[in-house]
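Listed here are the chains, written in short residue letters.
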Amino acid sequence: MTSTTNCTRAVVEDYLRRAAEGDPERIAAIYAEKVDWMVAENPQVPWIRSRSTRADVAGHWVDLASYTVPGRGAFSIDAIVVEGSEAVVLGHLSGTVRATGKTFSGPFALRLSVDDGLITRHHIYENSLSVAEACTPEGRTSVV
């Protein structure tokens, strides 16, 4: 394994520990000042939107905490694949939306790129339909 691969794995594992702890500023500190952040936007989900800076990353975690019920969400990791500065994390996530009381869950894949010990790319692929449905109040049709 190369030193770049080892560094990337260490950063990804540190990121996952920080994400589990849930401190927005501590999570954001492992990101570069400019971030290539990609998630499929959905107007039904208030915390899913474009982000491009370290401050935006902290804002994502603040938004996520404000829109979901503490202690009623989780993520688990099935595999971490690392090659050079690129990593893919596969797992499962779940949560409960405060406004509706509905839950969401599903698999996810997270692509991370690491440069100089900081995350520069964050592309997540998740069950956006489940999340959007959990954010949709009863009696309304989800738009995805």
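What you see is a predicted model, and the numbers here were worked out from it, not measured in a lab.

A.B. asks: I'd like a description of the overall build of the chain, backed by residues and values.
C.D. replies: Summing up its helical and strand segments, the chain has 4 helices and 6 strands in all. The order of α-helices and β-strands along the chain, N terminus first, is α-α-β-β-α-β-β-β-β-α. The C-alpha extent of the chain, read off along each of the three principal axes, is 55 × 30 × 25 Å. For the chain, buried positions account for 41% of its 144 residues. Sequence-distant contacts in the chain: of pairs separated by 6 or more residues, those separated by 24 or more amount to 52%.

A.B. asks: Before we move on, can you summarise the nonpolar core with the specific residues and values?
C.D. replies: Grouped together as the largest cluster of nonpolar side chains are 35 residues, with contacts concentrated most on Tyr15, Tyr31, Trp47 and Ile119. At the level of elements, helix H1 (3–21), helix H2 (24–28), strand E1 (31–38), helix H3 (54–67), strand E4 (86–96), strand E5 (103–115), strand E6 (118–126) and helix H4 (128–135) are the ones that each hand at least two residues to this core. Residue contacts for Tyr31: discarding those within four places in its chain leaves Tyr15, Trp37, Arg54, Val57, Leu118, Ile119 and His122.

A.B. asks: Tell me about the environment of Asp56, and name the residues and values.
C.D. replies: Relative to the helices and strands, Asp56 resides in helix H3. Taking relative accessible area as the criterion, Asp56 reaches 22% and is therefore assigned partly exposed. Spatially, the C-alpha atoms of Asp56 and Trp37 are 9.4 Å apart, while their sequence positions differ by 19 residues.

A.B. asks: Any details on the environment of Gly101? Residues and values, ideally.
C.D. replies: Within the element layout of this structure, Gly101 appears in the loop between E4 and E5. Since its relative accessible area comes to 44%, Gly101 is described here as partly exposed. Between the C-alpha atoms of Gly101 and Asp63, which are 38 residues apart in sequence, the distance is 16 Å.

A.B. asks: Mind laying out unusual backbone geometry, listing which residues take part and the relevant values?
C.D. replies: Leaving glycine out, the prevailing phi sign among residues is negative, and the prevailing peptide bond configuration is trans. In this structure, Asp116 takes a positive phi of about 50° despite not being glycine. In this structure, Asp116 sits in the loop between E5 and E6. Of the residues examined, Asp116 reaches a relative accessible area of 83% and is grouped as exposed.

A.B. asks: Lay out the pairing of strand E3 (residues 74–83) with the relevant residues and their values.
C.D. replies: Examined bridge by bridge, E3 and E4 share 9 bridges and lie antiparallel to one another. Each residue of the ladder has a partner; that of Ser76, found in E4, is His92. Between E3 and E4, which follow one another and run antiparallel, lie 2 residues, and Gly84 among them has a positive phi close to 60°.

Thresholds, definitions, all that
- As a convention, each chain's residues are numbered from 1 in the sequence order in which they are written.
- For a predicted model such as this one, the threshold for reporting local features is a pLDDT of at least 70, and the threshold for listing and counting side-chain atom pairs is 80 or more; totals across whole chains, interfaces and linings nevertheless cover every residue.
- Hydrogen atoms and water are omitted, and side-chain values are computed over all heavy atoms in the structure.
- Secondary structure elements follow DSSP: runs of H or I no shorter than four residues count as helices, runs of E no shorter than two count as strands, and numbering proceeds from the N terminus.
- For each residue, the accessible area found with a 1.4 Å probe, counting protein chains only, is set against the maximum for its type, and the residue is called buried under 20%, exposed over 50%, and partly exposed in between.
- Contacts are assigned to residue pairs with any non-hydrogen atoms lying within 4.5 Å of each other.
- What is meant by a nonpolar core is a set of buried Ala, Val, Leu, Ile, Met, Phe, Trp, Tyr and Cys residues, joined one to another through side-chain atoms within 4.5 Å.
- Think of it this way: DSSP has to see at least two bridges between two strands before they count as a pair.

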